[in-house]
Amino acid sequence: MRLIIENIDKQFGDKQVLRSASFSFDGGKIYGLLGRNGAGKTTLFDCLSGEKGMDGGQVLLEENGRTRKITEQDVGYVYSLPILPEFLTGYEFVKFFMDINKDKLQTELTIDGCFEMMSMTEEERHRLIKGYSHGMKNKLQMLLFLITKPPIILLDEPLTSFDVIVALEMKRMLKELKKDHILIFSTHILQLASDLCDELVVLHKGELSAVPSELLHSAEFEQSVINLLKDDEHAENV
Ligand SMILES: Nc1ncnc2c1ncn2[C@@H]1O[C@H](COP(=O)(O)OP(=O)(O)OP(=O)(O)O)[C@@H](O)[C@H]1O
């Protein structure tokens, strides 16, 4: 499985955020997306998920020897600030989600089985989402991907709100999920990126480029990324 991004352009007014950005992401890997504030990481995710239209370029999915344009159903998107129905309990929401996606269910798991996979306790499952912490909301959002299994999963700075224990659990989950998916997550935490990712991609001046994998676990890793992203001008002003 491969996600192919070809020459994506996106601008807001006269501000060019993505400039002919191209990259190829392979299934079975976790990619970390690094970029300075305002570099366009969220914009790229919005374009991939169909949330925002692109001004140019295309996004293709290669699966079982066939290549086609991606659809919204191919992409699962974990927002940094999840939007969930606060008036339902986690359990009610997952039940509702399973009901409306009956024809797309890709799991043998029961509702409780899904919660167990995410290490959410009985008490948490039956609590109103309104009372969930930020990290629990992220977990609930990720749980939905166990149900529909979209091939591409995008996570916009998902682990920053987790305490160390939950972050560890999430890392385990992501490593498990990567087998059948293409996982891309944006982060500002270099340590997390080098811990969790198989590949690192940098978004800088609207273009995507790979960080050489031999750098990922080297002592020079942090400095190399800083050098890649450092510029006379701040990314916001590019
Ligand atoms: N709807 C919009 N209208 C106008 N400008 C926008 C819009 N959305 C994003 N931008 C601009 O596009 C640029 C990229 O923003 P984006 O949120 O994609 O960056 P980011 O890399 O996710 O940043 P951060 O790391 O701070 O979250 C920014 O300069 C932002 O102000």
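None of these values were measured; they are calculated from a predicted model.

Before going further, it helps to examine the packing of aromatic side chains. Taken as a whole, this structure holds 6 aromatic pairs when the rule is applied. For the pair F23 and F25, a centre-to-centre distance of 4.9 Å together with 50° between the ring planes defines the contact as tilted. Seen from their ring centres, Y91 and F115 are 6.3 Å apart, and the 10° between their planes marks the pair as stacked. Residue Y91 is located in helix α2 (residues 90-100), and its partner F115 is located in helix α3 (residues 111-117); the two are separated by 24 residues in the primary sequence.

Quick look at helix α5 (residues 134-148) now. In a regular helix each residue adds 1.5 Å, so 15 residues correspond to 21 Å; α5 covers 22 Å between its end C-alpha atoms and thus fits that length. Burial of α5 is extensive: 14 of the 15 residues sit out of reach of the surface. Positive phi shows up at K149, right after α5, with a value of about 45°.

Take the sheet that holds strand β8 (residues 182-186) next. In space, the 6 strands of this open sheet follow the order β6-β7-β8-β3-β9-β10, with mixed pairing throughout. The outermost strands of the open sheet, each flanked by one partner alone, are β6 (75-78) and β10 (207-211). Neighbour to neighbour, the strand axes of the sheet diverge by 20° on average, direction disregarded. Summarising the sheet, strand β3 (residues 29-34) and β8 pair through 5 bridges and their orientation is parallel. Each residue of the ladder has a partner; that of I30, found in β8, is L183. Set on the sheet, α5 makes contact with β6 and β7 (152-156); between it and β6 the angle comes to about 170°.

Parameters and conventions
Residues numbered from 1 in each chain as written. Predicted model: local features only at pLDDT ≥ 70, side-chain atom pairs only at ≥ 80, totals over all residues. Heavy atoms only, no water. Phe/Tyr/Trp six-rings, centres within 6.5 Å; stacked < 30°, edge-to-face > 60°. Helix = DSSP H or I, 4+ residues; strand = E, 2+ residues; numbered from the N terminus. Expected span 1.5 Å × (residues − 1). Buried < 20%, exposed > 50% of the residue type's maximum accessible area, 1.4 Å probe, protein only. Pairing = 2+ DSSP bridges. Axes fitted to C-alpha atoms, helices over the stretch in contact; angles between N-to-C directions. Contact = heavy atoms within 4.5 Å.

None of the figures reported here should be taken as evidence of function without further support.
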